[in-house]
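Understanding the architecture of this molecule
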Amino acid sequence: MRILVTGTAGFIGAALAERLLARGDEVLGIDNHNDYYDPALKEARLARFADHPRYTHRRADLANAAAVNAAFTEFQPQRVANLAAQAGVRYSLKNPQAYVQSNLVGFVNILEACRHGGVEHLVYASSSSVYGANRKLPFAVEDAVDHPVSLYAATKKSNELMAHAYSHLYALPTTGLRFFTVYGPWGRPDMSPMLFADRISRGEPIDVFNHGQHSRDFTYIDDIVEGVIRTLDHPAQPDPAYDAEAPNPGTSAAPYRVYNIGNDQPVPLLRFIELLEQHLGRTVEKRLLPMQPGDVPDTWADVSALRRDVGYAPDTSIEDGVARFVDWYRSYHGLG
Ligand SMILES: NC(=O)c1ccc[n+]([C@@H]2O[C@H](COP(=O)([O-])OP(=O)(O)OC[C@H]3O[C@@H](n4cnc5c(N)ncnc54)[C@H](O)[C@@H]3O)[C@@H](O)[C@H]2O)c1
């Protein structure tokens, strides 16, 4: 298949592109290589597959409609995975405009290009952060998500709303995946696993917010990629059981779905840190601090819908996942 993947210099996009190429698909990757975090890491991720004969790369910005349209016209993708976005909750308090450009303007450009290009299925990254101020656990796609606590979350929820409008108006099959704290090799330097690993290996204290009371449904990158591919292969269809008089937020009379994609096993943040310490061979001083604005205390994904519809079955334990992450971390940083 011809699959257009955005964000292929990013953590999840690179891992997805690599797996699609390995199974025989043709991939066009788009990324603007922005410097939100070290662009050298983005280049290093791309170097894993940039020379593959079935891979083509375009350095372009999703907010540039002409560039997006040109990529679609030339490549004629059958399926699209939109993973490029301005990620990060805390940074959305500092630079809201970046989120408007990449996640709102950029996303509309993707929707328009899919609509005019007759794309069979658009899969796009949403986020567990859409659950915002909800406290009912586990988070389920049937729950209302109308109380975001960051602009980042609001842009991701907006993506789901815009996708629904296009699924309804133009019968464009769309599926949103709400990712839950993804970790593993080639991960993101702005996220806690990498921030903690950096500090532990330098012998520096770490800041632990919410006085260490956070728990996260940490999800290993390979499980995520498996779930994204299964979803891409399963275009959304109108749900015959959808009842407009008792609307279920996770489904629709249009070819539209949203799913949680997590591990379904929340892990206390302090346990995650303990595993990092164990594998890095050092203990660390923890500075226990209050909760940060925009943060949520706990996340836990109810993945029953994705399990039922595409057979998603994450099977990487936190112990194995952290071990593999630390192996990669040591070799990437030459720590022996
Ligand atoms: N990693 C997680 O735990 C997590 C959790 C929830 C949601 N998500 C979402 O999943 C997607 C992928 O996340 P990731 O962790 O791989 O992030 P990432 O930042 O590593 O990857 C995103 C990539 O998109 C590119 N990009 C950003 N804005 C762009 C634009 N306007 N035009 C073109 N390229 C652009 C960046 O250069 C980057 O390489 C994002 O949409 C993110 O919001 C990730």
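Here, every reference points to the structure presented above.
Read on for a plain summary of the structure. (Residues numbered from 1 in each chain as written. Predicted model: local features only at pLDDT ≥ 70, side-chain atom pairs only at ≥ 80, totals over all residues. Heavy atoms only, no water.)

Let's talk about the site of the ligand
Here is the rule: By convention in these notes, a residue is near a molecule or strand provided one of its non-hydrogen atoms lies within 4 Å of it. Polar contact is defined as a pair of N or O atoms within 3.5 Å, subject to the rule that within protein one atom must be able to donate a hydrogen and the other to accept it, and that residues adjacent in sequence are counted only when both atoms are side-chain atoms. Calculation of accessible area relied on Shrake-Rupley with a 1.4 Å probe; when residues are assessed, cover is drawn exclusively from the protein chains displayed.
Taken together, the neighbourhood of the ligand is formed by 29 residues, with D31, Y37, Y152, K156 and V182 sitting nearest. In the model, a nitrogen atom of the ligand is placed 3.1 Å from a nitrogen or oxygen of the N32 main chain. In the environment of the ligand, an oxygen atom lies 2.7 Å from a nitrogen or oxygen atom belonging to the side chain of Y152. Starting from 820 Å² of accessible surface for the ligand in isolation, the protein chains cover 97%.

Considerations on the pairing of strand β1 (residues 2-6)
For clarity, the threshold we go by: Each residue is placed in one exposure class: buried if its accessible area under a 1.4 Å probe, protein chains only, is under 20% of its type's maximum, exposed if it is over 50%, and partly exposed if it falls in between. Secondary structure counts use DSSP, requiring at least four H or I residues in a row for a helix and at least two E residues in a row for a strand, with both numbered from the N terminus. One bridge is not enough; two strands pair if DSSP finds at least two bridges between them. Assignment of crossover handedness uses the view with strands pointing away from the viewer, where a clockwise path from the first strand over the helix to the second indicates a right-handed crossover.
Among the five residues that make up β1, four are buried, leaving the element largely enclosed by the rest of the structure. In the sheet, β1 pairs with strand β2 (residues 26-31) via five bridges, with the strands oriented parallel. Bridging across to β2, T6 finds its partner in I30. Handedness of the crossover joining β1 and β2 through helix α1 (residues 11-22): right-handed. Pairing of β1 with strand β4 (residues 79-82), which is carried by four bridges, proceeds in the parallel orientation. Across the sheet, the residue bridging to I3 is R79, located in β4.

What to know about the pattern of salt bridges
Using the following cut-off: Put simply, a salt bridge is a Lys or Arg side-chain nitrogen that is within 4 Å of an Asp or Glu carboxyl oxygen.
Applying the stated criterion across every chain yields a total of 21 salt bridges. Put simply, K136 and D143 hold a salt bridge, and the shortest N to O gap is 2.7 Å. Between D190 and R188 there is a salt bridge, with its nearest N and O atoms 2.8 Å apart. Taking relative accessible area as the criterion, D190 reaches 25% and is therefore assigned partly exposed.

Section: unusual backbone geometry
Of note, the bond from L137 into P138 is cis; its omega dihedral lies within 30 degrees of zero at -10°. Its location among the elements puts P138 in the loop between β5 (121-127) and α6 (151-170). One non-glycine residue with positive phi stands out, namely W186, at about 65°. By the element assignment, W186 lies in the loop between β7 (182-183) and α7 (192-202).

Remarks on the environment of P77
Of note, P77 is situated in the loop between α3 (65-75) and β4. Here P77 falls in the buried class, since its relative accessible area comes to 6%. Spatially, the C-alpha atoms of P77 and I3 are 5.4 Å apart, while their sequence positions differ by 74 residues.

A closer look at α7
Where we set the bar: Contacts: residue pairs with any heavy atoms within 4.5 Å of one another.
For α7, every residue scored as buried is listed here: P193, M194, F196, A197, D198 and I200. Buried residues belonging to α7 abut α2 (39-47), β7, β8 (206-208), α9 (269-280) and α11 (318-332). Directly after α7, the chain includes G203, whose backbone phi takes a positive value near 75°.

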